[in-house]
Amino acid sequence: MSERILTLQPQVTTLEGAVAKGDASASKKTAQPVATRRATTEPWPVKLLLILTAVLFLLVFLVAPLSLVFIEAFKKGFEVYKASLVDPDALSAIKLTLLTAAIAVPLNTLFGLAASWLIANFHFRGKSVLLTLIDLPFAVSPVISGLIFILLFGARGTFGPWLEAHDWKIVFATPGIILATTFVTFPFVARELISFMQARGTEEEEAAVVLGASFWQTFRRVTLPAIKWPLLYGVILCNARAMGEFGAVSVVSGHIRGETNTIPLQVEILYNEYNFTASFAVASILAGLAMVTLVIKAFVERQAHRVLAEGAKQELT
Amino acid sequence: MTIHVENISKHYGAFRALENVSLDVPPGELTALLGPSGSGKTTLLRIIAGLESPDSGRIRYEGSDVTKSAVRERNVGFVFQHYALFGHMTIFENIAFGLRVRKWKKDAIESRVTELLKLIQLEGLGKRFPSQLSGGQRQRVALARALAPQPQILLLDEPFGALDAKVRQELRRWLRRLHDEIGMTSLFVTHDQEEAFEVADRVVVMNKGHIEQNGAPDDVFAQPANAFVMDFLGNVNVFHGRAAAGQVQAGGFALPFPEYSHSDAQPATAYVRPHEMDIDRKPHGEQSVSARIARINRSGPLVKLSLVGADDETQVNVEIDHARDRELNLNVDDTVYLYPHHVRVFLPENNVKSATQVAAK
């Protein structure tokens, strides 16, 4: 049967050409092999067109730029590449980026856990307002996010004079960068967990409490193991964004070389100075980080899907 | 251990889930909370467990007031409709959970879990995960997990609701046997009247946040307290009509009804269970009406007849035994006469006023 379909297929395509010209009798003839096809399958020219479009798009928008980063970075050989990375300014940028992520990601993980626990387990007034607020950093442009902190903590900002009197520097210093990054990456973990925990329900926690478990026992032995994959997924996304954030950080950083430049800012500075090789070399760190993140993400996603699928199976039977 | 529910009320916004409910659950008995969805039965169960707190009223276990105590201090076993097993733990660990959080000794846990696995007939499956078990097996594990820390009372929320019919029947018989063995005060919620009547020592019928009737299954079935209970127990023919001057006229029947002797007519509803009605080829005076047979189902222990009244609207279900069916030689589209031998009449205006009536054959 399948052989017959195969032999018929070229014929079908020529007939479909006729259909396009409005030949009604041809469409009747095509009806037979169409019926043996799965309802959701497209004819092969359409398939080919779709695949080509997708591949072309991927090549132009993903593969080419990403390859270019590495090609440009290694253009003048490995030694130059290495030298660009061990440059004190570059090293300082890498350190600051790691420090920022090391503070922002755990903070947002804790916050995400607390918020999703609250939202999934309790009914209270203003829940929808809270949900909207959590999404706010996604809705606001990163530049505006940065500006908020200038307006709050800058020299002429709300708390500026007070901070200056106490000799605390937030804006154009490391605390400002950490604050801005934390703000921008705030929703990642929370969003991931809220939808998962809401779908999961609270029965397991209730079962644990009835069995005599305390809050911490319930959280550590029941909730945490159940949500670990979505949690990790959120943390990875949060981390990727924390390291790559440009807009908000750019506004609060002040671009002080070797002090308040993160990797993305350092890339921009080097590029603007026509130091392309160094610029792409530093950029390759971010690109490399992104690729590692994607691999981990793919793995975690598969684990999380498995957990969800099992949950669904449990529901069905 | 007796559970005392005293004047419990619970509102969710404008919705009254429970309205001043009082109930004593006798010790060592298996009691069913029976009612349609939204009747408040699950809310009541969760309040007894401590998973919800009442707006007012008290819960006592025997002598001690537990209204304010935390769930984990109440020492109750709770079985959820969807099992709520811990998916990342083995069956063994699921059952052991309540013992581990109570800091039982390792070998005590081992022997208790082994004992329970034997009780639920799942020996040897301790290392499996919940997703590898069937629904019926999972619910047995959930029950073992609830029983493990030796609770004072056992509460079950629609324990068989998520299972298919055959497993459900097996499991409820098994639950009954288990209850007879361990004799713990147990309370279970169900919307399935058959389940309640088959398993329970006592049936509490609930509706719209209050208790309609509380009694032994036989009593509730034989003497429904009101129209709701009669209706909810299912499988009943309902005839709407009027009562006046010691008589009820409903569905073409004219029946004596001495409980209402006023001359001004009042709406009345007559209920007749399918097996409390007989069929004949000849009329039996005023107490029988004619009907046409629409369908005959001879597949069960009784012959089930669906009939349509002379008005072509009234649907009547009748159950007769096979001998009677053969005797009358019934066929579809035959016209026959219905005569009830047990009618219950309720006046909706004052729901409590009721009467049972045995018509002469």
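One structure accompanies this document, and this report is about it. All values reported here derive from a predicted model rather than from experimental measurement.

### Observations regarding the overall build of chain B
Counting secondary structure elements, chain B contains nine helices and 21 strands. Along the first, second and third principal axes, the C-alpha set of chain B runs to 75 × 45 × 35 Å.

### Remarks on the sheet that holds strand β16 (residues 289–297) of chain B
Residue and element names in this part refer to chain B. With antiparallel pairing, the five strands of this open sheet are ordered in space as β15-β19-β16-β17-β18. Of all strands in the sheet, those with a lone pairing partner are β15 (277–280) and β18 (315–320), marking the two edges. Between one strand and the next, the sheet's axes are offset by a mean angle of 45 degrees, whatever the strand orientation. Bridge count between β15 and strand β19 (residues 335–340): four bridges; the pairing is antiparallel. Bridged to I279 within β19 is L338.

### Details of the environment of L85 of chain A
Residue and element names in this part refer to chain A. Inspection of the secondary structure assignment puts L85 in helix α4 (residues 77–86). The exposure class of L85 is partly exposed, given the 16 C-beta atoms found within 10 Å. Taking C-alpha positions, L85 is 9.0 Å from I285, a pair spaced 200 residues apart along the chain.

### Overview of the nonpolar core
Within soluble globular proteins, side chains that are nonpolar generally end up buried alongside one another. Among the nonpolar cores identified, the biggest contains 164 residues, and I48, L155 and A270 of chain B are the most heavily contacted of them. Considering each element in turn, this core owes the most residues, 13 residues, to helix α12 (residues 215–244) of chain A.

### Observations regarding the interface of chain B and chain A
Listed by partner, the interface residues are 21 residues for chain B and 20 residues for chain A. Taken together, the elements giving at least two residues each to the side of chain B that touches chain A come down to β6 (76–79) and α2 (91–100) of chain B. Looking at the side of chain B that touches chain A, its residues break down into twelve nonpolar, seven polar and two charged.

### Considering the environment of F80 of chain B
Looking at the secondary structure, you find F80 of chain B in the loop between β6 and α2. Look at F80 of chain B and you get buried, because 23 C-beta atoms sit within 10 Å. Residues F80 of chain B and Q139 of chain B, 59 residues apart in the sequence, show an inter-C-alpha distance of 8.5 Å. For F80 of chain B, the contacting residues outside a window of four places in its chain are E203 and A207 of chain A together with A142 and D157 of chain B.

### Let's talk about the packing of helix α5 (residues 88–121) of chain A against α12 of chain A
Residues and elements named next belong to chain A. Packing of α5 against α12 leaves a shortest axis separation of 9 Å and a crossing angle of 145 degrees. Relative to α12, the crossing made by α5 is right-handed. Counting all contacts with α5, which are made through T97, T100, A101, A104, V105, N108, T109 and G112, the residues of α12 involved are G234, V235, C238, N239, A242 and M243. For the contact of α5 with α12, the residue count by class is seven nonpolar, seven polar and no charged.

### Considering the sheet that holds strand β2 (residues 15–25) of chain B
Two pairing modes exist for strands in a sheet, parallel and antiparallel, and in both the strands are linked by backbone hydrogen bonds. Residues and elements named next belong to chain B. One open sheet holds the four strands; their spatial order is β2-β1-β4-β5, and the pairing between them is antiparallel. Here the strands that pair on one side only, and so sit at the sheet edges, are β2 and β5 (64–65). Sheet analysis places strand β1 (residues 3–12) next to strand β4 (residues 56–61), joined by five bridges and oriented antiparallel. For I3, the partnering residue across the bridge sits in β4 and is Y61. Running at roughly 120 degrees to β1, helix α1 (residues 41–49) makes contact with β1, β2 and β4 of the sheet.

### Some remarks on the pairing of strand β20 (residues 343–346) of chain B
All names here are of chain B. Burial along β20 is two-sided: the face carrying V343 and V345 and the face carrying R344 and F346 are both buried. Inspection of the sheet shows strand β14 (residues 266–272) paired to β20 by three bridges, in the antiparallel sense. What sits directly across from Y271, in β20, is R344.

Conventions used here
- Residues numbered from 1 in each chain as written.
- Chains lettered and ligands numbered in written order.
- Predicted model: local features only at pLDDT ≥ 70, side-chain atom pairs only at ≥ 80, totals over all residues.
- Helix = DSSP H or I, 4+ residues; strand = E, 2+ residues; numbered from the N terminus.
- Pairing = 2+ DSSP bridges.
- Axes fitted to C-alpha atoms, helices over the stretch in contact; angles between N-to-C directions.
- Buried ≥ 20, exposed ≤ 12 C-beta atoms within 10 Å, placed from the backbone.
- Core = buried A, V, L, I, M, F, W, Y, C linked by C-beta atoms within 7 Å.
- Contact = placed C-beta atoms within 7 Å.
- Nonpolar A, V, L, I, M, F, W, Y, C, P; charged D, E, K, R; others polar.
- Left-handed = near helix turned anticlockwise from the far one by under 90°.

None of the figures reported here should be taken as evidence of function without further support.
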